[in-house]
Amino acid sequence: MDSQSITQEFELSIEQAGERLDKALSSLYPDLSRSFFQKLIKDGHILVNGVPKKGNYHVNGGELLSVTIPKAQEIAILPENIPLDILYEDDDVLVVNKPKGMVVHPSAGHYTGTLVNAVMYHCQDSLSGINGEIRPGIVHRIDMDTTGALIVCKNDSAHVKIAEQIKEHSVTRRYLGIAKGVVKTDCGVVEGTIGRHPTDRKKMAVNVRGGKPAVTHYRVLERFKNHTLMEFTLETGRTHQIRVHMASIGHPLLGDSVYGNGKSPWNLQGQTLHAAVIGFLHPTSKAYLEIEAPLPQYFKSLLLKPL
């Protein structure tokens with residue numbers, strides 16, 4: 001794991017005027033949390049026009065930010081010999097086909113059996129450390145019960161370059177999902193800010209105060225009697241984006257116990273959603289890579305049933 005800290009400089013846009021410093025930083029690094037930046041601010045790793053600021057600082061727009069992300073701490077999470085379905089691998093990046101039921105990174109109640117545990121074993125000491133002590137290599141994530149393609153970065157340089165593409169919404173991300181009900185329009189766009197639900201903090205919601213812009217394009221692939229097979233393309237990558245957006249238009253994903261009623265005759269484990277394609281510019285060669293993750297068996301079997 002890279003033991004060196006990384007310092008980057010940014011000029012804040014006028015559009016960010018009035019934002020709290022930690023929020024402005026989280027928009028520059030969409031894969032890192034505001035709490036992470038609050039700690040960096042407290043520890044003096046964030047300079048505004050050359051001067052460290054306190055956490056309640058509101059930006060004016062146009063300031064020069066100097067962001068130092070310190071070297072990763074020694075981690076308590078242990079490598080585990082968990083088989084990985086590897087779709088692509090080189091010295092900079094690893095693309096895996098994440099199975100259903102696997103948590104991406106350790107969190108309360110999930111300290112073993114995660115993708116991080118698995119890639120730590122597979123990659124040994126070759127993983128980026130920008131995300132700190134419990135998320136080595138992780139530059140983006142998908143939900144526990146969502147399957148499919150996910151990028152893991154093997155060094156900090158790759159992490160910064162992939163994160164920049166994610167921030168600019170230039171990464172290609174196409175998903176396949178089964179929605180409840182028959183979607184009438186062949187294609188369309190769902191737009192609506194997404195933020196934390198005002199009363200249920202485990203859920204996200206559309207058009208709530210403080211929400212971030214989110215855009216989901218959809219295309220109908222096949223209509224069944226009571227369900228619709230769909231392809232989704234993301235412009236943004238908000239938490240639970242496809243699930244929240246589809247529920248907001250009255251077509252929650254089949255099996256989604258959070259945003260739908262979750263009832264189905266097939267005893268599904270969570271939402272039927274698969275990250276089928278991911279495309280990005282390679283951090284070293286700059287060549288465009290587009291990698292496809294095959295459908296999991298449960299999904300293929302489901303499509304053969306009377307939907």
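Values in this document were obtained by computation on a predicted structure and should not be read as measured data. (Residues numbered from 1 in each chain as written. Predicted model: local features only at pLDDT ≥ 70, side-chain atom pairs only at ≥ 80, totals over all residues. Heavy atoms only, no water.)

A. Summary view of the nonpolar core. Leu 115, Tyr 175, Met 230, Phe 232 and Ile 242 are the most contacted members of the largest nonpolar core, which totals 29 residues. Sorting the residues of this core by element identifies β6 (93-98), α3 (115-123), β7 (147-153), β8 (172-180), β12 (215-223), β13 (227-234), α5 (241-248) and β14 (273-281) as the ones contributing at least two each. Examining the composition of this core, we find that 5 residues originate from one element, α3, more than from any other. Not counting chain neighbours up to four residues away, the residues in contact with Met 230 comprise Tyr 175, Leu 176, Gly 177, Ala 179, Val 183, Tyr 218, Arg 219, Val 220, Leu 221 and Met 246. With 17 residues, the next largest nonpolar core counts Leu 25, Phe 37, Val 59 and Val 67 among its residues. (Core = buried A, V, L, I, M, F, W, Y, C linked by side-chain atoms within 4.5 Å. Buried < 20%, exposed > 50% of the residue type's maximum accessible area, 1.4 Å probe, protein only. Helix = DSSP H or I, 4+ residues; strand = E, 2+ residues; numbered from the N terminus. Contact = heavy atoms within 4.5 Å.)

B. Structural view of the pairing of β12. Inspection of the sheet shows strand β9 (residues 187-191) paired to β12 by 5 bridges, in the antiparallel sense. The residue bridging Cys 187 from the neighbouring strand is Arg 219, located in β12. Across 7 bridges, the pairing between β12 and β13 is antiparallel. By the bridge assignment, Val 220 is partnered in β13 with Met 230. Hairpin connection between β12 and β13: a loop of 3 residues separates the two successive antiparallel strands. (Pairing = 2+ DSSP bridges.)

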